[in-house]
Every structure is written in C-alpha cells, then in structure tokens.
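What follows is each chain in one-letter form.
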Amino acid sequence: MTKSPKFWLLSTLLLAFVLTIPIWVLASFVFQFGNDNWQHLLDTLLPEYIINSLVLMFGVAFGTLLLGVPAAWLISHYQFTGSRWLHWALLLPLAMPAYISAYTYTGLLEFEGPVQSALREVFGFGVSQWFPEVRSLGGAVLLFSLVLYPYVYLLSRSAFGSSSQKALEVSRTLGAGPVKSFFQVALPMARPAIIAGVTLALMETLADFGAVQHFGVDTFTTGIYRTWSGLDDTNTAMQLSLVLLSFVGILILVERWSRQQQRYYVGDVKTDASDYVQLTGKKNVFAFAVCFLPILLGFLVPSGQLLYWSLTTAETNLNSDFFELTWNSFSLALITAVATVAVAVFLAYAKRMSNLSRVKQFVQVAHLGYAVPGTVLAIAIIIPLAWFDKTVDDFFYENYEISTGLILSGTLFALVFAYMVRFLSVALQSVESGLARIKPSMDDSARTLGASSWTIMGRIHLPLMHTSLITALILVFVEVLKELPTTLILRPFNFDTLSIKAYEMAADERLADAGLPALLIVLTSLIPVIILSKLMDKRSG
C-alpha cells in the first residue's frame, strides 16, 4: 500500500507538533510578566549567573582549543611514539560525563584527598593555604575543558587531514616553515571546523547541571532547578530558561554558520604513510606529551579513581539494590532507544518518500529538542503533563468523586518522552546516514515488481540499514544512561537509576559510594566511542 503525500504531510506535522510541545510551552512564557521572585533574581543572582556562564564559556573555549587543536594537528601530519593508538584514545574523555569527572577530581584534590594528604606529609599543613580549590569556577573550566576537548579534536582532525595536505605542500615549496604553514595556511582553512567543535563544547557546558552543582558554581541550570524545586516558582524558572536558551540560540547560529563555511573547502583528499612526517628525539617526546596529557587527565585519572572506589566499596555496594538500579537504568534506556529509533526511522522514511518541502521542514522541526538543556526540557514537559493530570482528576472528582491521581506526570511515560525529544536528533542523523546510502533506483525497481512502501522498507531498507540502526540504538541508549537532570526531575517516585544514585551519593559527600554506579556508566559509554574510532579508521583507511 503506497501512502499518499497527504499521509506523510499530516503524520510528520503531528509528530513535529508533539515533539516540540516543550518548546511551545517555553514560548508561551515569553510575554508573561515576571513576579517578585523574578525581580529578586534580576537584582541579585541573575548577574552572577550571566557572569559565571560567560566565564565558563570563554574558559572552556580557550581550554578546548588548547587541548584539541594541537593534538589534532600532530595526529594529522606527524608520526611519533604511540600516534597509532593516540588518534583514537584522544576520544576516550567523551565516555566520561562531566558530573562523574567532577566527583572523582573532588575526591582526589579536596583537603582529605590523597593529593593534598601526600603534600601535607612533605610540606606540612600550610599546603591547604596555597593549594587551588577544586570546587570553584576555575576548577569547572578545567574540568569541562578536559572532558569536552574531543569535540574540537574530532572536527579539527577531520579538517586538517582531509583538506590542507596539498595546500601545505604548496606552502612548503614556497619556502614557508612548519610553524608558518600551520598558522597562515592550515589554521585559517580549518577555522570553520574548529569553531563548530568549540560551539558544540560550549552547548554541552551550558546544558550541564551535575558538575556545576557539585562545584557550587551558580549558573542558569542550577538557578532554574533551585527556582523550580526550592521556590516552587514555575514562571520564574521558565523566564530563566528563556535567557539560557538565548545563549544556546546564539551558539547554534554560530555552529550552523561554521558548517556552511566548511563546505567551501572540504574535499576528498586521502593521505598515505608518505604524507606523515616522522618525529624523533625531543620533538617525538613533546608530541607524545601533548597528545597523552589530555587522555591522562580527562579519562585515565578519573577512571582509575572510579575503579579504586568500586573495588574498595564492592563488598557493601554490590548487592541487590545495585542490580535493581542497573535493571532500571538499562531497561529504561533500552525502551527509550527502541522508541526513539522507531520514530527516527519513520521521519527519515517520510523525508525520503515525499517530495514535499513541507515534510522535510517538519522533520527538521521535530528534532529541535536537542538544543534544549535537560533541566529546561524536564520542567517544560512536566507543566503540560501536570495540567492534563489535574484537569482529568478534577473532572472525575467533580462528576464521580473519583481521584485519578497522576496519569502522565511522575511516570515513566514522561521520562521516555523527554528523552525522545532530547535525543531524537542523535538517532535521526544515524538513520538518515544509513538510508542515504541506499540508491533510489532500488526503490523504483521494487515498485515495478508491485512492492508497497512498507514492503520496501521492511524487506530492503531495514536489512540494509542494520548497522546504522544498531549505531542509533547504542547512541541513544548511552545518552539516556548518562543523562542526569532530566531523570532527576521527571523520574517516578522511588525510581532510581545509576546516574541518580551517583548524584545522591556525591551530594551526601559519600564519593566512594558513587564509584560503582559511575564506573558502570563510563564503561557502557565506551561503546559509542569504540564505534566512532572504528568509523574514523575506516574512513582514513
């Protein structure tokens, strides 16, 4: 049965509307006047939120550039000790959520931690007077730089490796040295990709809740959560969310502009072993240190601390409660991944089957939720669901004296819907990539044999797309497993996950007890990093 263009138009319109309900809710607060709490925030805390957010953004931008760009340049053009494994190991910090890294460095560097304890043994108790405070704005900048630099590294390496090789050869033949060629040729050509990587890192920084909350750094996300949970003031929380989204909107515009600029120079240039310069001596050591240091501080050190905590607390924490947490987390992530990928397949298929530009626009609109931070998204979802529950409950109580209680809010439905809104873009990109590799001529051949659209999808497209579908499932699964603020706000009563357990233990200053659930999250998060590494090897090969 071949569906009409009207079917694809109406179905994508409906999905786009449902999946952007949180955005409509946010938009409804644009013209609402602020109350006393909002005026109080304007006079006291809002300037601090803005200043802290700006300092974080500038600091993280500088830190990710400092760590990501030199490593990408060295990996792209030089051979040195360990370069064969460093090129994928530099992605490992992607598996380390910022809030988990914050817990480990707090445990390592605080007053009672092993680092300060060892220094006190040598230098006496005066160490605490000059030792930097890890729970600070500076500590947050360093932490985010260590876990988010792979965004800059990944895009910079792609730009350096695929586009600038021939231009560099021309530059060298004209007498320019390596440093001059880098700053005057390679860096300007890679600038759009570098800016895109930085903006992605900054969007993650603005969306973070767990790390800044643990470090005691007041930003928009902590302010939104406190206003909503502490003051019970939804209106002011939404006003703060709109200010935060204006920052995110600017970053999205910069990122889109950068990608458009990138089109002008990206080519299909392949490199072979002869294109790499062999480094020896001090240069070899320097290159290894530049690439290994971010891996050491961004992944190996926090992972080692998590492993130590897990081993020392396993006897008491590895019990039935832990397995229940694992079951809750994995089952929730699996349900969400299957549902999200199913919606992504439908949208991608609608885009392929319909020639209407409106369908393509509705599909683009449907995955706008990725830009909304988890804290904002959760509150924007709970507002309409709570209104629906109250309306139904009032109706049944007034007419039948029956209380229906919570139907949608405070249930797994709310959580799964929120995850789907936030991570649909991740699934859709992978599904569309797989679908694009199937030639339309195969569809035409199947139709001439009498196959319907659903038959073509079930017997041709889905089997050929199985790698993309599995990748999409894994990506969404891991993102759900790591997500903290959305789960914290929307989870049903007495329903805990690994991320919630780690958060609660860290909030109670029981950092060692946070080790086991945090380590399981990190180990699971390694799966998409391994997939990404293999894809990079495949492309470079």
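Think of each chain on its own: its residues are numbered from 1, step by step along the sequence as written. Reporting in this predicted model follows two pLDDT cut-offs: at least 70 for local features of residues, and 80 or more for side-chain atom pairs to be given and counted; totals over whole chains, interfaces and linings ignore these cut-offs and use all residues. Working from all heavy atoms in the structure, the side-chain values ignore hydrogens and water.

(A) Fine view of the overall build of the chain. Helix numbering and strand numbering both begin at the N terminus, where a helix is a DSSP run of H or I of at least 4 residues and a strand a DSSP run of E of at least 2. When its secondary structure is counted, the chain shows 25 helices and two strands. This radius of gyration counts C-alpha atoms alone. The globule rule is 2.2 Å times how many residues there are, raised to the power 0.38. Taken over C-alpha atoms, the radius of gyration comes to 25 Å for the chain, in line with the 24 Å a tight globule of 541 residues would show. By principal-axis analysis of the C-alpha atoms, the chain measures approximately 85 × 75 × 50 Å. The cut-offs for exposure are 20% and 50% of the maximum accessible area for each residue type, with area from a 1.4 Å probe on protein chains only; residues under the lower value are buried, those over the upper are exposed, and the others partly exposed. With 541 residues in all, the chain has 51% of them scored as buried.

(B) The layout of surface pockets, seen in detail. A pocket here means an open set of points on a 1 Å grid, computed over the protein atoms alone, that has protein on both sides within 12 Å along at least five of seven lines. A cavity is instead a set of points where a 1.4 Å probe fits but cannot get out; residues with an atom within 4 Å of a point line either one. Grid points are joined across faces, edges and corners, and a volume is the space filled by probe spheres set on the points. One number sums up the size of the second largest pocket: a volume of about 530 Å³. Lining the second largest pocket are 17 residues, with Trp73, Leu74, Tyr78, Phe182 and Phe286 positioned closest to its centre. Broken down by secondary-structure element, the contributors of at least two residues to the lining of the second largest pocket are helix 4 (46-77), helix 11 (178-207) and helix 15 (281-317). If you tally residues by element for the lining of the second largest pocket, the top one is helix 11, at six residues.

(C) Just the side chain of Ser156, in detail. Within the fold, Ser156 resides in helix 9 (residues 137-163). Two N or O atoms form a polar contact when they lie within 3.5 Å of each other; inside protein one atom must be a possible hydrogen donor and the other a possible acceptor, and for residues adjacent in sequence the pair counts only when both atoms belong to side chains. Reaching out from Ser156, the side chain makes a polar contact with the backbone oxygen of Val152 at a distance of 2.5 Å. Residues contacting Ser156, with those up to four places away along its chain left out, are Val69, Ala72 and Ile194. Any two residues having at least one pair of non-hydrogen atoms within 4.5 Å are treated as being in contact.

(D) Representation of the pattern of salt bridges in the model. Salt bridge, as used here: a side-chain nitrogen of Lys or Arg that lies within 4 Å of a carboxyl oxygen of Asp or Glu. Tallied over the full model, the rule gives nine salt bridges. Of the charged contacts in the structure, one is a salt bridge between Glu509 and Arg135, with a shortest N-O distance of 2.9 Å. Taken together, the residues Glu509 in the loop between helix 24 (498-507) and helix 25 (515-540) and Arg135 in the loop between helix 8 (127-130) and helix 9 connect sequence positions 374 residues apart. Given a relative accessible area of 26%, Arg135 falls into the partly exposed group. With its nearest N and O atoms 3.0 Å apart, the salt bridge here joins Arg510 to Asp513.

(E) Examining a nonpolar patch on the surface more closely. Here the term patch refers to residues with relative accessible area over 30% and no salt bridge, with like charges joined within 9 Å and nonpolar side chains (Val, Leu, Ile, Met, Phe, Trp, Tyr) within 5 Å. Values of accessible area rely on a 1.4 Å probe in the Shrake-Rupley scheme; residue burial ignores everything except the protein chains shown. Side chains of Leu14, Phe17, Val18 and Trp24 sit close together on the surface and give an oily, nonpolar patch of about 410 Å² of accessible area. Broken down by element, the nonpolar patch gets its largest block of residues, three residues, from helix 1 (residues 5-19). Residue placement: Leu14 occurs in helix 1.

(F) Representation of the packing of aromatic side chains in the model. Aromatic rings from Phe, Tyr and Trp, with only the six-membered ring used for Trp, were paired whenever their centres fell within 6.5 Å, and each pair was classed as stacked if the ring planes differed by under 30 degrees, edge-to-face if by over 60, and tilted otherwise. Following the criterion strictly, the structure yields 22 aromatic pairs and no others. With a centroid separation of 6.1 Å and an interplanar angle of 65°, the aromatic rings of Trp8 and Tyr349 are classed as edge-to-face. Of this pair, Trp8 sits in helix 1 while Tyr349 is found in helix 16 (residues 320-353), placing the two residues 341 residues apart along the sequence. Residues Trp8 and Tyr349 agree in their burial class; the two are buried.

(G) Just the nonpolar core, in detail. Only buried Ala, Val, Leu, Ile, Met, Phe, Trp, Tyr and Cys residues count toward a nonpolar core, and they belong to the same one when joined by side-chain atoms within 4.5 Å. Formed by 163 residues in total, the largest nonpolar core has its most connected members in Phe80, Phe144 and Phe160. Tallying contributions element by element places helix 16 first for this core, with 15 residues.

(H) How the structure looks around empty space enclosed by the protein. In total, this model carries two cavities of 30 Å³ or more according to the counting rule given. Computed from the structure, the largest cavity encloses a volume of approximately 60 Å³. Ser53, Leu56, Thr205, Leu206, Asp208, Val212, Thr219, Phe220, Thr221 and Leu244 are the residues that line the largest cavity. Of all the secondary-structure elements, those providing two or more residues to the lining of the largest cavity are helix 4, helix 11 and helix 13 (220-229). The nonpolar class holds Ala, Val, Leu, Ile, Met, Phe, Trp, Tyr, Cys and Pro. Asp, Glu, Lys and Arg form the charged class, and all remaining residues, Gly among them, are polar. Grouping the constituent residues of the lining of the largest cavity by class yields five nonpolar, four polar and one charged. Taken as a whole, the second largest cavity spans an internal volume of roughly 50 Å³. Ser329, Leu332, Tyr419, Val480, Leu481, Glu483, Thr487, Thr497 and Ser499 are the residues that line the second largest cavity. Looking at the lining of the second largest cavity residue by residue, the classes come out as four nonpolar, four polar and one charged.

(I) Inspection of the packing of helix 18 (residues 374-400) against helix 19 (residues 412-436) at higher detail. Note on geometry: axes are C-alpha line fits, over the in-contact stretch for helices, and angles between N-to-C directions span 0 to 180 degrees. Contact geometry of helix 18 with helix 19 gives a least axis separation of 10 Å together with a crossing angle of 130°. The pairing of helix 18 with helix 19 is recorded here as oblique in orientation. The hand of the helix 18/helix 19 crossing is right-handed. On helix 19, the residues touching Gly374, Leu377, Ile381 and Leu385 of helix 18 are Phe413, Ala414, Phe417, Ala418, Val421 and Arg422. Its residues placed into classes, the contact of helix 18 with helix 19 shows eight nonpolar, one polar and one charged. Under this scheme an angle from 65 to 115 degrees is roughly perpendicular, one under 35 degrees roughly parallel, and one over 145 degrees roughly antiparallel; angles in between are oblique. Each crossing gets its handedness from the near helix: less than a right angle anticlockwise from the far helix is left-handed, clockwise is right-handed.

(J) Inspection of the environment of Phe477 at higher detail. One can find Phe477 in helix 22 (residues 466-482). You can call Phe477 buried: its relative accessible area is 14%. Sequence separation between Phe477 and Ala350 is 127 residues; the distance between their C-alpha atoms is 24 Å. Filtering out sequence-adjacent residues up to four positions away, Phe477 remains in contact with Phe330, Ala333, Leu334, Ala337 and Thr524.

(K) Spatial organisation of helix 18. For a helix, the expected span equals 1.5 Å multiplied by the residue count minus one. The end-to-end C-alpha distance of helix 18, which contains 27 residues, comes to 38 Å, matching closely the 39 Å that a straight helix rising 1.5 Å per residue would cover. Positive backbone phi, approximately 55°, marks Glu401, located one or two places after helix 18.

(L) Fine view of the packing of helix 4 against helix 15. Helix 15 packs onto helix 4 with a crossing angle of 130° between their chain directions and a minimal axis gap of 9 Å. Relative to helix 15, helix 4 is oriented oblique. The handedness of the crossing between helix 4 and helix 15 is left-handed. Facing helix 4, whose interface residues are Leu67, Pro70, Ala71, Leu74 and Ile75, helix 15 presents Ala287, Val290, Cys291 and Pro294. Along the lines of polarity and charge, the residues of the contact of helix 4 with helix 15 split into nine nonpolar, no polar and no charged.

(M) Main features of unusual backbone geometry. A positive phi angle is found at Glu401, which is not glycine, with a value near 55°. Structurally, Glu401 can be placed in the loop between helix 18 and helix 19. Residues other than glycine seldom take positive phi values, yet Asn494 does so here, at roughly 65°. Position of Asn494 relative to the elements: it lies in the loop between helix 23 (485-490) and helix 24.

Keep in mind these values describe shape, not function.
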